[in-house]
Amino acid sequence: MSNMQLDTLRRIVQEINASASLHESLDIMVNQVSEAMDVDVCSIYLLDERNQRYILMATKGLNAEAVGTVSLQVGEGLVGLVGQREEIVNLDNAAQHERYAYFPETGEELYNSFMGVPVMYRRKVMGVLVVQNREPQDFSEAAESFLVTLCAQLSGVIAHAHAVGNIEVFRKPNSLSNYKTYQGVAGSGGIALGRAVVLYPPADLAAVPDRDAEDISEELELLDHAIHSVREEIQSLDHKMQDSLMSEERALFSVFLRMLDENALPAEIKEIIREGHWAQGAVRRVLDKHIAVFAQMEDDYLRERVSDLKDLGRRILASLQEADSGHRELSSDSILIGEEISTAALVELPVDKIAAIVTTEGAANSHMVIVARALGIPTVVGVTELPITTLDDVEMIVDAYQGRVFIHPPRRLRQRYKEIQKEEEQIAKDLKQYETKDAITPDGVEVKLLVNTGLMIDVVRGVQRGAKGVGLYRSEIPFMLRDRFPGEEEQRAIYRQQLSHFANKPVTMRTLDIGADKDLPYFSIEEENSALGWRGLRFTLDHPEIFSSQIRAMLKASIGLNNLHILLPMVTSVSEVEEVLYLLERDWVAVQEEEQVKINKPKIGIMVEVPSVLLQIDEFAPLVDFFSVGSNDLIQYLLAVDRNNPRVSSVYSHFHPSVLRSLQKLVKDCHRNDRPVSICGEMAGDPLSAILLMAMGFNTLSMSSSNILRVRKAICLTPMSDAEALLEHVVHLNNPLLIKSWLEHYFKNHGLADMVKSNRMVTA
Ligand code: PEP
Ligand code: MG
């Protein structure tokens, strides 16, 4: 592609990104493409999945009135052909093609040449972009690659705009009017019926949801107040910059001030408020409109003013949000929705009031999901197309087994889901009998089930469900609940609670594992590639003062209980462990001297979550007392798949043969070195994989309290001989999906159908 084409491409993408609605995005696309390629026609057809038709959504060259009315069946015409083949169709004489279809409404003359490019998003055809010319001509390879690149670049934007925009033409009048379903990734299982509460990041204009004004005059007042303070802010900025900026450079401030004149932006915003919208939503609407106009301007200078406008919008919004004391109150059926909800934000909320969580970002093993699972909150993540801003207070159903979200569900669907909820309650009741049982296979092999903790509620549930100790205490969670690093005494008290609730049982405390998706609200680590960055032990070794205060607090907390085990996260190399052992020894001696008591030396283990460790067990073994597999990260690094990225969530699987084979080898290596090995990643809490792990020789599994009973039931009903035969069979299969269905098949035939996550399809 030439530099010129690249520039054009970049410009189009920028403009589309700045546009406010789907229709504008598409109009920009067709206009810019037809100009850049000098073609007679450029049109975009989007697939209306519900009606299985391609609808003409934008055109340059065809009759503008045909937009929204002309449509083709999925298999119809050349557009249908492009969609079916999922590849470019490039014809110099289209009318002669057997699939050519003529629509007089489009005012279509005879356009001889035709090129159609599929717009694909996550392997799905979303639409088709078509260029046509009167003259018969073969579009060049350069033209093909220009459009392919453009469509690939824009598919995400279209997918998002598709969801956020008002695609009225897609809706069948009077039938299930607003009912929509969205697919995401199942996070923490369960079902919830309730109303959406949008959690949006502060001062993020794009994330502000539509919401009705409760009191219009109050919203108008809030706006006046906000505009007034932004005006003051800008005046004082202007003043401050007098010496450092030239007057032309400060001209922007006077532009801003003019825009804030009562008759300019505020008048427009107020008009929308008077229609019944709350002030923040009205600001978003008005600014979006202006941003879209600027983005389309020919003049580079004016086009670049988009970012200034956004800045102005953010300032007004921040001021409004300052006045607004917080988010809407939660009631017991609140379904939290947001782009991304951090663990810290989640645990700050009254968790007993959260019926479910739905996010557009994230994947099944994101940290927030793990916490939600521990709390038993049904969670669906990676619902990329969810139109968040339009959903505040909207009725919805979350089916977190299938990763599906239903908006404005019809009555019949609600009834069906209420029935399923009842069945779920029944299953939970049946599982209760396993609270007091041991996990022993019918042929007499015992597996120790431990609990993963972080919050106190995990401890309470773990004890109630008969956990034999704590296999992983995620010490970063209490750190997330504060607004600064907790001091040594504060930590000691927290750790003591964990240790004393499991007196006489092992409690494995992991040292601080922050970085990547585990950010502390007061210590954010911004990195391009954070999963491979400064996290876990890498961070704490660089901050020995933080590490030491934690170790000292743990040692003090263990006085008289002697059940502390220490686990090191994100170990990559032997030298890191040597360094830690030095620090530990130093702190151990010091604390004993200070406290004048003898403290039992805790057992020290490392997490196996970086693949390098898999190949060096013989060298790590002499240094440590035990190993614990962090399968969540191990899978991420072994399969090179971001555990938080919904686009690749289908690649992330604990049934991947290389995961299973690596773990098999690991158990052998650990046992050869006479070192115990357990597993505390989410894989241990899935009854299907738990059976395989048991067959490999893992005799200790640690999991979220919400999975203990299910795994215990699976173990109680599966003889070790069967588990070994299953393992022997599946390790030779090369496909994770095959492996999973083989195991499911066994479960269904051996009284464990309930333990296979619900996969019934429910539709309206
Ligand atoms: C893991 O990586 O498997 C693990 C247990 O730790 P976390 O999920 O907290 O990273
Ligand atoms: Mg980990």
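Predicted, not measured: the structure shown is a model, and the values here were computed from it. (Residues numbered from 1 in each chain as written. Chains lettered and ligands numbered in written order. Predicted model: local features only at pLDDT ≥ 70, side-chain atom pairs only at ≥ 80, totals over all residues. Heavy atoms only, no water.)

Caption draft 1: Focus on the coordination of the magnesium ion (ligand 2). Looking at the magnesium ion (ligand 2), one finds its protein donor set to be E609 (OE) and D633 (OD), positioned 2.0 to 2.2 Å from the metal centre. Pair noted here: E609 is in the loop between β19 (603–608) and α20 (611–614) and D633 is in helix α22 (residues 631–638), with a separation of 24 residues, a long-range link. Accessibility expressed as a relative area gives 2% for E609, which makes it buried. The buried category is assigned to D633, whose relative accessible area is 2%. (Donors = N, O, S within 2.8 Å, 3.2 Å for Na, K, Ca; no water. Helix = DSSP H or I, 4+ residues; strand = E, 2+ residues; numbered from the N terminus. Buried < 20%, exposed > 50% of the residue type's maximum accessible area, 1.4 Å probe, protein only.)

Caption draft 2: Seen up close, unusual backbone geometry. With a phi close to 70°, N504 is a non-glycine residue in the positive phi region. Mapped onto the elements of the fold, N504 is located in the loop between α16 (488–501) and β17 (507–510). The exposed category is assigned to N504, whose relative accessible area is 77%. Phi at M570 is positive, roughly 55°, even though this residue is not glycine. Note that M570 resides in the loop between β18 (564–568) and α19 (574–595). For M570, a relative accessible area of 1% gives the class buried.

Caption draft 3: Seen up close, the side chain of S705. Secondary-structure assignment places S705 in helix α25 (residues 705–717). Among residues more than four places away in sequence, those in contact with S705 are A374, V451, D458, R461, G462 and R465. (Contact = heavy atoms within 4.5 Å.)

Caption draft 4: Main features of the domain arrangement of the protein chain. The domain boundaries assigned to the protein chain delineate domain 1 (3–175), domain 2 (180–199 + 329–409), domain 3 (205–323) and domain 4 (441–724). For domain 1 and domain 2, the distance between their C-alpha centres works out to 34 Å. (Domains from an automatic or database assignment.)

Caption draft 5: Representation of the pattern of salt bridges. The full count for this structure, using the stated rule, is 34 salt bridges. Across the pair R510 and D513 runs a salt bridge whose closest N-O atoms are separated by 3.4 Å. Take D513: its relative accessible area is 0%, and that puts it in the buried class. Its salt-bridge partner being E594, residue R552 comes within 2.6 Å of it at the nearest N-O pair. Taken together, the residues R552 in helix α18 (residues 544–557) and E594 in helix α19 connect sequence positions 42 residues apart. Under the relative-accessibility criterion, E594 is labelled partly exposed at 46%. When salt bridges with common partners are traced through the structure, they connect E476, R510, D513, K518, R535, D633 and R643 into a single cluster. (Salt bridge = Lys/Arg side-chain N within 4 Å of Asp/Glu carboxyl O.)

Caption draft 6: Structural view of α19. Between its terminal C-alpha atoms α19 stretches 31 Å, which fits the 32 Å expected from 22 residues at 1.5 Å a residue. Turning to α19, its buried residues are V574, E576, V577, V580, L583, L584, D587, W588, V591 and Q592. Contacts from the buried residues of α19 go to α17 (537–542), α18, β18, β19 and α21 (617–620). In the stretch just after α19, Q596 is the one whose phi turns positive, near 55°. (Expected span 1.5 Å × (residues − 1).)

Caption draft 7: Spatial organisation of empty space enclosed by the protein. Enumeration according to the criterion identifies four cavities of 30 Å³ or more in this entry. Quantified by volume, the second largest cavity comes out at close to 100 Å³. Lining the second largest cavity we find I370, V371, A374, N452, T453, G454, L455, D458, R474, I477, E682 and S704. Put simply, the parts of the chain that give the lining of the second largest cavity at least two residues each are α12 (367–374) and β15 (448–453). Here the lining of the second largest cavity takes three residues from α12, the largest share from any one element. For the lining of the second largest cavity, the residue count by class is five nonpolar, four polar and three charged. Looking at the lining of the second largest cavity, you find at least three residues from each of domain 2 (180–199 + 329–409) and domain 4 (441–724). (1 Å grid on protein atoms, 1.4 Å probe; cavity = no way out; pocket = protein on both sides within 12 Å on 5 of 7 lines; lining within 4 Å. Points joined across faces, edges and corners; volume = space filled by probe spheres on them. Nonpolar A, V, L, I, M, F, W, Y, C, P; charged D, E, K, R; others polar.)

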